[in-house]
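Understanding the architecture of this molecule
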Amino acid sequence: MAILPIIIAPDPRLKVTSEPVGRVDDDARKLIDDMLETMYLAPGVGLSAIQVGVPKRLIVIDVARKGEDAAPLRLADPKIIAYSDEAVAMEEGCLSFPEHYAEVKRPGEVILRYTDERNQRQEFEADGLLARCIQHEMDHLDGILLVDHLSAIKRGIIIRKLLKARKAKALKSA
Ligand code: ZN
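First, a word on scope: everything that follows refers to the structure included in this document. (Residues numbered from 1 in each chain as written. Predicted model: local features only at pLDDT ≥ 70, side-chain atom pairs only at ≥ 80, totals over all residues. Heavy atoms only, no water.)

The next thing to look at is the coordination of the zinc ion. For the zinc ion, every protein donor is listed as Cys94 (SG), His136 (NE2) and His140 (NE2), and the spread of their distances is 2.0 to 2.2 Å. Counting residues between consecutive donors of the zinc ion along the chain gives the motif C-x41-H-x3-H. Of the two residues, Cys94 sits in the loop between β4 (87-92) and β5 (102-107) while His140 sits in helix α2 (residues 128-141), which places them 46 residues apart along the sequence. (Donors = N, O, S within 2.8 Å, 3.2 Å for Na, K, Ca; no water. Helix = DSSP H or I, 4+ residues; strand = E, 2+ residues; numbered from the N terminus.)

For helix α1 (residues 26-41), which comprises 16 residues, the first-to-last C-alpha distance of 23 Å matches the rise-based estimate of 22 Å (1.5 Å per residue) to within 8%. Buried residues of α1: Ala28, Leu31, Ile32, Asp34, Met35, Leu36, Thr38 and Met39, and no others. Against the buried residues of α1 lie β1 (46-48), β2 (58-61) and β3 (73-83). (Expected span 1.5 Å × (residues − 1). Buried < 20%, exposed > 50% of the residue type's maximum accessible area, 1.4 Å probe, protein only. Contact = heavy atoms within 4.5 Å.)

All right, on to the pairing of β3 then. In summary, the side chains of a regular strand alternate between the two faces of the sheet. By the bridge criterion, four bridges tie β2 to β3 in an arrangement that is antiparallel. Bridged to Val60 within β3 is Arg74. (Pairing = 2+ DSSP bridges.)

For α2, which comprises 14 residues, the first-to-last C-alpha distance of 21 Å matches the rise-based estimate of 20 Å (1.5 Å per residue) to within 8%. Downstream of α2 by one or two residues, Gly143 has phi in the positive range, about 70°.

Our next topic: unusual backbone geometry. Across the junction of Ala9 and Pro10, the peptide omega takes the value -5°, indicating a cis bond. Note the cis peptide between Ala42 and Pro43, where omega equals -10°. Positionally, Pro43 belongs in the loop between α1 and β1. Of note, the phi angle at Glu99 is positive, near 70°, even though the residue is not glycine. By the element assignment, Glu99 lies in the loop between β4 and β5. Within the chain, Asn119 stands out as a residue other than glycine whose phi angle is a positive 65°. Within the secondary structure, Asn119 sits in the loop between β6 (109-115) and β7 (121-127).

Printed below as a string of structure tokens:
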């Protein structure tokens, strides 16, 4: 397994629409394992392949709490087939937006269909943090980012801060 570099926004690669995986092969399985290791180390609760520069519809998620057993989800070609009507506001973070959090309204429950790492079709119902995480990561597959759910003003503030942090980091390593 390997730790992969996570792309930090703003970056045009994060705006790309990812391609279907189709059949999960050994390369995809290795990528999934590397993504999980990268996510756990960050630490985060979800990561999409595009965040490590691979434009494939692959997502890893683990919303287990501290002290609970790890519960990794490996999702290929995920598709939400039903949403609940009511929208819930919840604060979200993103490994591509380090140290930034924003409240986003999304449906509270979803039904997800996907292909697992053994190429079996699976389906489950999710609510709470898991439903939130699924929707956030699925946005990534279509090039939609956390800040795209915010007003232009809030988005501008976050992007400027990220650019400033990037500049400071570049100066430090120069
Ligand atoms: Zn994200």
